[in-house]
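The residues making up each chain are set out below.
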Amino acid sequence: MADGKTICTVCNYIFDEKIGAPGTRAGQKFEELPEQWRCPDCGADQAMFQPCSCVSVSDNEHSDSVYSDRTNRAFLINQTLGSIVTELPEFACIFEQYGLDYCCGGKKLLEQACNEKGISVNQLLAKLNEYQIEAEQNKQLELEPDWTKTTLRALTEHLITRYHERLRIELPRLSELTKKVARVHRVNHPEMVEVSRIFHLFREQLEQHMQKEELILFPAITSIESGRTTYFGCGGSVDHPIEMMTKEHDDAGEALSMMSKLTNDYTPPEDACNTFKILLHSLAALELEMHQHVHKENNILFPRALKLAGAAVCR
């Protein structure tokens, strides 16, 4: 299983092979779990787990001094969700479990986001601290570059290969699944007809969105980084296309939220066939991927590009 971590698509509980879980031993692989093992939080069976796409950082960034400074209460409650995940990307897993939106909603302070969701700030902070201690003890963090320090070209190439190329494979597959489930289950589950409608609009808009980024915005950002001036229509700068892409991210987030609500957070009904279950399983995975994808653009790439463009104008 990728990274040794799988996530329950029903309640977002994360099973980490290196840590273990009730009824398992540390180091036991997910594929080796006994058939009767169920999610400790919601009781879902193993079919509802999928590889966890949580991002992480390199071991050499995890000294005691770094975490004592960055994970104390006073620091975290006054930070936005987006800035926390930018500094400590492994915390994205915990935010996913609690339903905290760190991409499109990344500008909300941690305390504000918790209050709006009815989540205990102390409980969340305790969970973050517990996760970090376990991560340190088990050496579970894998290497991923600090995208706040890489070149913008490297970041845009990462976005294309890690997210865009995968989406171009996954979106057509999900398109066929949504059509099939809507057709077969429309009588008992008319909500799936609406899910199909929303998904096909989501797919069309996202494919156009990725094309605009790859053909226009990303090349413009790398041009600015290399010292070349780039204009958009009537002498405009990069701020306008970034504003448009951010708005389209919001639209995509709204579509995902609507599909999640229509399917009760992607929970299969009792009469769901395997195709129905696979569809919901895959939509939950898509939402996780989109959260991390949009976070890297909204909270890292775009602010860095705008700052660089501003500096170029001042020169």
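Residues numbered from 1 in each chain as written. Predicted model: local features only at pLDDT ≥ 70, side-chain atom pairs only at ≥ 80, totals over all residues. Heavy atoms only, no water.

### Concerning helix H5 (residues 110-117)
- Among all positions of H5, only Leu110, Ala113 and Cys114 are buried. Angularly, the buried residues of H5 cover 100 degrees about the axis, an arc narrow enough to put them on a single face.
- Once H5 finishes, Gly118 follows within two positions and takes phi at roughly 70 degrees, a positive value. (Buried < 20%, exposed > 50% of the residue type's maximum accessible area, 1.4 Å probe, protein only. Helix = DSSP H or I, 4+ residues; strand = E, 2+ residues; numbered from the N terminus. Arc of directions from axis to C-beta.)

### Quick word on the pattern of salt bridges
- Counted under the stated rule, the structure contains ten salt bridges.
- The residue Lys108 makes a salt bridge to Glu116 at a minimum N-O spacing of 2.7 Å.
- Between Lys212 and Glu248 there is a salt bridge, with its nearest N and O atoms 2.5 Å apart. With Lys212 in helix H8 (residues 191-225) and Glu248 in helix H9 (residues 239-262), this residue pair connects regions lying 36 residues apart in the sequence.
- The exposure class assigned to Lys212 is partly exposed, which follows from its relative accessible area of 33%. (Salt bridge = Lys/Arg side-chain N within 4 Å of Asp/Glu carboxyl O.)

### Section: the nonpolar core
- Ranked by size, the top nonpolar core spans 27 residues in total, and within it Phe199, Phe202, Leu283, Leu286 and Met290 carry the most contacts.
- Where this core is concerned, the elements lending two or more residues are helix H7 (152-185), H8, H9 and helix H10 (274-314).
- At eight residues, H10 tops the list of elements feeding residues into this core.
- Phe95, Leu100, Tyr102 and Leu128 belong to the second-largest nonpolar core, a separate cluster that totals 25 residues. (Core = buried A, V, L, I, M, F, W, Y, C linked by side-chain atoms within 4.5 Å.)

### Some remarks on the pairing of strand S1 (residues 5-8)
- Of the two faces of S1, the one lined by Lys5 and Ile7 and the one lined by Thr6 and Cys8 are each fully buried.
- In terms of strand pairing, S1 meets strand S3 (residues 49-51) through three bridges, oriented antiparallel. Note that in S3 the partner of Ile7 across the bridge is Gln50. (Pairing = 2+ DSSP bridges.)

### Observations concerning the packing of aromatic side chains
- According to the stated counting rule, one finds five aromatic pairs in the structure shown.
- Centre to centre, the rings of Phe95 and Tyr102 are 6.5 Å apart; their planes meet at 40 degrees, and the pair counts as tilted.
- Tyr102 gets classed as buried once you look at its relative accessible area, which sits at 1%.
- Members of the aromatic cluster, connected to one another through ring pairs, are Phe15, Phe30 and Trp37. (Phe/Tyr/Trp six-rings, centres within 6.5 Å; stacked < 30°, edge-to-face > 60°.)

### With respect to the sheet that holds strand S2 (residues 14-16)
- Overall, antiparallel pairing links the three strands, which are arranged S2-S1-S3 in an open sheet. Every interior strand has two partners, whereas the edge strands, S2 and S3, have only one. For this sheet, the mean angle separating the axes of adjacent strands, direction not counted, is 30 degrees. (Axes fitted to C-alpha atoms, helices over the stretch in contact; angles between N-to-C directions.)

### Focus: the confidence of the model for the protein chain
- Taken as a whole, the protein chain shows an average pLDDT of 82; of its residues, 83% reach a score of 70 or greater.
- Confidence over residues 54-70 falls short of pLDDT 50; this stretch has 44 contacts with residues more than four positions distant or in other chains. (pLDDT = per-residue confidence, 0-100. Contact = heavy atoms within 4.5 Å.)

### Focus: the layout of surface pockets
- Taken as a whole, the second largest pocket spans an internal volume of roughly 360 Å³.
- Those elements that provide at least two residues to the lining of the second largest pocket are S3, H7 and H10.
- The leading source of residues in the lining of the second largest pocket is H10, at seven residues.
- Taken together, the residues of the lining of the second largest pocket break down into six nonpolar, five polar and three charged. (1 Å grid on protein atoms, 1.4 Å probe; cavity = no way out; pocket = protein on both sides within 12 Å on 5 of 7 lines; lining within 4 Å. Points joined across faces, edges and corners; volume = space filled by probe spheres on them. Nonpolar A, V, L, I, M, F, W, Y, C, P; charged D, E, K, R; others polar.)

### Describing the packing of H8 against H9
- As a packed pair, H8 and H9 sit with axes 10 Å apart at the nearest point and diverge in direction by 160 degrees. Our classification of the angle between H8 and H9 gives roughly antiparallel. Read as a crossing pair, H8 and H9 show a hand that is left-handed. Along the contact surface, H8 presents Glu191, Glu194, Val195, Ile198, Phe199, Phe202, His209, Lys212, Glu213 and Leu217, while H9 presents Pro241, Ile242, Met245, Glu248, His249, Ala252, Ala255, Leu256, Met258, Met259 and Leu262.
- Of the residues contributing to the contact of H8 with H9, the split by class is 14 nonpolar, two polar and five charged. (Parallel < 35°, antiparallel > 145°, perpendicular 65-115°, else oblique. Left-handed = near helix turned anticlockwise from the far one by under 90°.)

### With respect to the environment of Lys247
- Following the sequence through the fold, Lys247 ends up in helix H9.
- With 143 residues separating them in the primary sequence, Lys247 and Cys104 have C-alpha atoms 9.3 Å apart.

### Thoughts on the environment of Asp265
- Looking at where Asp265 falls in the secondary structure, it is placed in the loop between H9 and H10.
- Each C-alpha atom, one on Asp265 and one on Leu280, is 8.8 Å from the other, the two residues being 15 residues apart in sequence.

### Observations concerning the environment of Leu159
- Examined against the element boundaries, Leu159 turns out to sit in helix H7.
- Classification of Leu159 by relative accessible area gives buried; the value is 0%.
- A C-alpha to C-alpha distance of 8.2 Å links Leu159 and Glu297, two positions 138 residues apart in sequence.
- Filtering out sequence-adjacent residues up to four positions away, Leu159 remains in contact with His164, Phe218, His293, Lys296, Glu297 and Leu301.

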